[in-house]
Amino acid sequence: MKTTKQEYLPGRGRGLFPGSFDPFTKGHDDIVRRALGLFDEVIIGVGYNEQKPGWMSVEERVAAIRKLYADEPRVTVVSYTGLTADFAKEHGATAIVRGVRTMADYEYEMQMADVNRQLTGIETVFLPASPELASLSSSLVRELAHFGRDISAFLP
Ligand code: ADP
């Protein structure tokens, strides 16, 4: 019987990459592109808090990220408020994806992953930050912008 290799591949599902992305940096882009190697689809969930307006509005963040992945039909960008666990369940996520840069990230992420698994049964996949991007954070970019520095080298 003639079959293609594709037919033997198990469904790899839908990864949810949640974050504030205020702003979306080269570090975030690296995680999305690597997650596309693991999942059929990647949903970028842009989390916001009505009580705490961000540096960029949630609409601006969503628009910028959508533009970035305009040619990648496997990426969807959606904003959400509330618990990541509820959002993951609503969108049928196979797994939650998070990037880990430091031990501090790791400790926090372990707790979140455990809570999210207890609430929904959905596992979290950690991707280690690429070494050349491991010092990059949205807060650093905001700080540099605040002091009038050029932030373009940090944005995808
Ligand atoms: P949150 O407020 O949920 O931490 P962020 O937008 O700061 O949202 O980060 C979203 C995710 O991206 C987190 O898992 C974070 O660890 C990861 N991340 C942020 N910057 C980098 C980077 N430079 N390299 C790899 N992962 C990163």
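Residues numbered from 1 in each chain as written. Predicted model: local features only at pLDDT ≥ 70, side-chain atom pairs only at ≥ 80, totals over all residues. Heavy atoms only, no water.

**A short note on the site of the ligand**
Phase 1 of the analysis: The environment of the ligand is formed by 16 residues, the closest being Ser 20, Phe 21, Gly 99, Leu 133 and Leu 136.
Phase 2 of the analysis: Interatomic distance of 2.5 Å between a backbone N/O atom of Gly 99 and an oxygen atom of the ligand.
Phase 3 of the analysis: Broken down by secondary-structure element, the contributors of at least two residues to the shell around the ligand are strand S1 (14-19), helix H1 (26-35), strand S4 (95-100) and helix H4 (103-120). (Near = heavy atom within 4 Å. Polar contact = N/O pair within 3.5 Å; in protein donor to acceptor, adjacent residues only side chain to side chain. Helix = DSSP H or I, 4+ residues; strand = E, 2+ residues; numbered from the N terminus.)

**Quick word on the pattern of salt bridges**
Phase 1 of the analysis: The final tally for this structure, using the stated rule, is 10 salt bridges.
Phase 2 of the analysis: As a salt-bridge pair, Asp 40 and Arg 12 come within 3.6 Å of each other at their nearest N and O atoms. Taken as a pair, Asp 40 in the loop between H1 and strand S2 (41-47) and Arg 12 in the segment before S1 lie far apart in primary sequence, 28 residues in all.
Phase 3 of the analysis: One salt bridge connects Asp 29 with Arg 33, and the closest N-O pair in it is separated by 3.0 Å. Taken together, the positions of Asp 29 and Arg 33, both in helix H1 and 4 residues apart, correspond to about one turn of that helix.
Phase 4 of the analysis: Residue Asp 29 is classed as buried on the basis of its relative accessible area of 13%.
Phase 5 of the analysis: Residue Arg 33 is classed as partly exposed on the basis of its relative accessible area, which comes to 44%. (Salt bridge = Lys/Arg side-chain N within 4 Å of Asp/Glu carboxyl O. Buried < 20%, exposed > 50% of the residue type's maximum accessible area, 1.4 Å probe, protein only.)

**Quick word on the pairing of strand S5 (residues 123-128)**
Phase 1 of the analysis: One ladder, built from 6 bridges, connects S4 with S5; its direction is parallel. In the strand pairing of S5, Arg 98 is matched with Phe 126.
Phase 2 of the analysis: Handedness of the crossover is the feature at issue here: the chain leaves S4, passes through H4, returns alongside S5, and the resulting connection is right-handed. (Pairing = 2+ DSSP bridges. Right-handed = clockwise from strand over helix to strand, strands pointing away.)

**A closer look at the packing of aromatic side chains**
Phase 1 of the analysis: Inspection of every chain in the model, using the stated rule, returns 5 aromatic pairs.
Phase 2 of the analysis: With 6.4 Å between their ring centres and 70° between their planes, Tyr 106 and Phe 126 make a pair best called edge-to-face. Taken together, the residues Tyr 106 in helix H4 and Phe 126 in strand S5 connect sequence positions 20 residues apart.
Phase 3 of the analysis: Overall, the relative accessible area of 34% leaves Tyr 106 in the partly exposed class.
Phase 4 of the analysis: Judged by its relative accessible area of 26%, Phe 126 is partly exposed.
Phase 5 of the analysis: Ring pairing ties together the aromatic residues Phe 17, Phe 21, Phe 24 and Tyr 69, which thus form one cluster. (Phe/Tyr/Trp six-rings, centres within 6.5 Å; stacked < 30°, edge-to-face > 60°.)

**Section: the side chain of Asp 29**
Phase 1 of the analysis: Of note is the side chain of Asp 29, whose polar atom sits 2.6 Å from the side chain of Tyr 69.
Phase 2 of the analysis: Each residue touching Asp 29, except ones within four places of it in the same chain, is listed here: Phe 24, Leu 68, Tyr 69 and Pro 156. (Contact = heavy atoms within 4.5 Å.)

**What about the sheet that holds strand S3 (residues 75-80)?**
Phase 1 of the analysis: Pairing within the open sheet is parallel, and its 5 strands lie in the order S3-S2-S1-S4-S5. Whereas interior strands pair on both sides, the edge strands pair on one side only; in this sheet they are S3 and S5. The average angle at which neighbouring strand axes cross in this sheet is 30°, direction not considered.
Phase 2 of the analysis: Judged from the 6 bridges that link them, S1 and S2 form a sheet pairing that is parallel. By the bridge assignment, Leu 16 is partnered in S2 with Ile 43.
Phase 3 of the analysis: Contacts from H1 reach S1, S2, S3, S4 and S5 within the one sheet, and its direction differs from that of S5 by about 120°.
Phase 4 of the analysis: Its contacts with the sheet put helix H2 (residues 58-68) on S2 and S3, and the angle it makes with S2 is roughly 160°. (Axes fitted to C-alpha atoms, helices over the stretch in contact; angles between N-to-C directions.)

Note that all results are geometric; they support no functional claim without further evidence.
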